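Each chain, written out:
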Amino acid sequence: MRKQVRISLIGAGYVGLTTAVGFSKKGFKTILMDIDKEKVERINSGESPIYEPGLREMLKELRREGNIEATTNLDYAVSESEITFICVPTPSRRNGDTDLRYIEDSSKAIGKALRLKEHYHVVAVKSTVPPETTERVVIPNLEEGSGKKAGPGFGVCMNPEFLREGSALEDFLNPDRIVIGELDPRSGETLAFLYRGFAAPVLRTSLKVAEMIKYASNSFLAMKITYANEIGNICKKLGIDAYEVMKGVGLDSRISPHFLRAGIGFGGSCFPKDVLALVSKAEKLGYNASLLKEVINVNSRQPYRMIDLLKKRIGSLKGKRIAVLGLAFKPETDDVRESPALRIVSELIRQGAGVVAYDPKAMFNFRKAFPKIGYAESAKEALKGADACLVVTEWREFRDLTDDDFSAMRGSVIIEGRRALDPKKVDGFEGVCW
Ligand code: UGA
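In this report, we go over the structure that sits alongside the text.

### Details of the sheet that holds strand E9 (residues 321–325)
- With parallel pairing, six strands are arranged side by side in an open sheet as E11-E10-E9-E12-E13-E14. Of all strands in the sheet, those with a lone pairing partner are strand E11 (374–375) and strand E14 (430–431), marking the two edges.
- Bridging between E9 and strand E12 (residues 388–391) involves four bridges; their strand directions are parallel. Residue pairing across strands places Val324 opposite Leu390, the latter belonging to E12.

Structure below.
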């Protein structure tokens, strides 16, 4: 069977789609399953339902070669593959707990599909799930649905993803490490076979350790950013540049220069949700994760620092026209989930300002949350007649803006929430931490 290992993936979101495209690129046949018919049709016509650098082109090529297909039929996806990845969303509940309903549904359905399979099959969880979920939720559902025992009847792994939006495909193809949590050696061997063409260390662990590695990694990175922000807030009071400070700090190899960019805090579909979920899991285990709680607190205050700075410069916001450049939670994505821009725009509106926003990719998604604000076709258009400008996402194209472009504003106040503008081309802007 070795040569023709086929992979099915349940859930065609960022993770499922990138993983499918990545494995197909490595020569495996993949079947993506999603309940969203429209998404499935788009993928089958070679179009990517999300924006991610390189994904569209690669998907088109792989569809032409017939290495990837999408379906709404889970039984078909499982029966036509030897390994199934669960890539469904694990959103937060209001109280911070992880909502496992899609994990429940998919593991039950995979279990049923396994009942009819004669050959050995491995189910691998890729979704980010709190420690113990694979053992306590996924395995019982698979066993009940299939009528087989995990281990002899089928294999189970937990294989966390470490993909960043905006460079997901690149991260998949060139990972720092591969973590395989395994129920038993046979399950782990089967999954390790998929990764033999990758030049990264493979760590084989228990299911629970793999789950925890993902949370510990994301929480550490969220904490590192928050640390940079806290130092940045102090730097601002001292009138110094947090980036200059962090350059000196990051040269210490024990610290490393990565994830020390101060600004308006982390957003996205992962860090905010995962830190909260770990705090909530710890609470259930009887531990108060106070450091992680403070990470959440500092981070949620950070976007409002831009508003405070703005008011210091232009006074009341009532009736003022504010240009907002960047809406995505980071560059190179159209994703606005937990983007600091949501808080900033909402606060601007609450204080009576008029907002004209521009983002190269994320306006369609942002419009769903804020249908009534103004949207411009370009950064230059957003700046026209504005009393002040807030730079919220560090898109590459903002570096090309010059004093000339900003001269179309009525006022002259420019505040950066992320390091985006080129100081050689634009005069007189200030940042939240610089
Ligand atoms: C993050 C992790 O980096 C991935 O390893 C992980 O797989 C993923 O979550 C996930 O759990 O699926 P992602 O949220 O896509 O990836 O993007 P990041 O590049 O980590 O950025 C997250 C947020 O932190 C962004 O809002 C970004 O602007 C902010 N950030 C990042 C900073 O404010 N400063 C930094 O120095 C770095």
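### Concerning the sheet that holds strand E8 (residues 202–205)
- Overall, mixed pairing links the eight strands, which are arranged E3-E2-E1-E4-E5-E6-E7-E8 in an open sheet. In this open sheet, the two edge strands, each paired with only one partner strand, are strand E3 (68–71) and E8. Pairwise comparison of adjacent strand axes, ignoring direction, gives a mean angle of 25° for this sheet.
- Inspection of the sheet shows strand E4 (residues 83–86) paired to strand E5 (residues 122–125) by four bridges, in the parallel sense. When the bridges of E5 are listed, Ile83 appears paired with Val122.
- Relative to the sheet, helix H6 (residues 133–146) contacts E4, E5 and strand E6 (155–158), its axis offset from that of E6 by approximately 150°.

### Points about the site of the ligand
- For the ligand, the set of nearby residues contains 19 residues, the closest of which are Glu161, Glu165, Lys214, Asn218 and Lys330.
- Within the backbone of Phe162, a nitrogen or oxygen atom sits 3.4 Å from an oxygen atom of the ligand.
- Separating an oxygen atom of the ligand from a side-chain N or O atom of Lys330 is a distance of 2.7 Å.
- Across the complex, the protein chains shield 95% of the 700 Å² of accessible surface that the ligand would expose by itself.
- If you list the elements that add at least two residues to the shell around the ligand, you get helix H9 (207–238) and helix H11 (271–284).
- Sort the elements by how many residues they give to the shell around the ligand and H9 lands first, with three residues.

Thresholds applied
The residue count restarts for each chain, going from 1 along the sequence in the order it is written. For this predicted model, a pLDDT threshold of at least 70 governs which residues receive local features, and a threshold of 80 or more governs which side-chain atom pairs are given and counted, while totals over whole chains, interfaces and linings are taken from all residues. Side-chain figures throughout are based on the complete set of non-hydrogen atoms in the structure, without hydrogens or water. Being paired, for any two strands, means DSSP has found at least two bridges between them. Secondary structure elements are defined from DSSP: runs of H or I of at least 4 residues count as helices, runs of E of at least 2 residues count as strands, and each element is numbered from the N terminus. Between the N-to-C directions of two axes lies an angle of 0 to 180 degrees, each axis being a line fitted to C-alpha atoms and, for a helix, fitted only over the stretch in contact. Contacts: residue pairs with any heavy atoms within 4.5 Å of one another. Being near a molecule or strand, for a residue, comes down to having at least one heavy atom within 4 Å of it. Polar contacts, as used here, are pairs of N or O atoms within 3.5 Å; protein pairs need one atom able to donate a hydrogen and one able to accept it. Residues neighboring in sequence count only if both atoms are side-chain atoms. The accessible surface values rely on the Shrake-Rupley method and a 1.4 Å probe; as for residues, cover is taken only from the protein chains in view.

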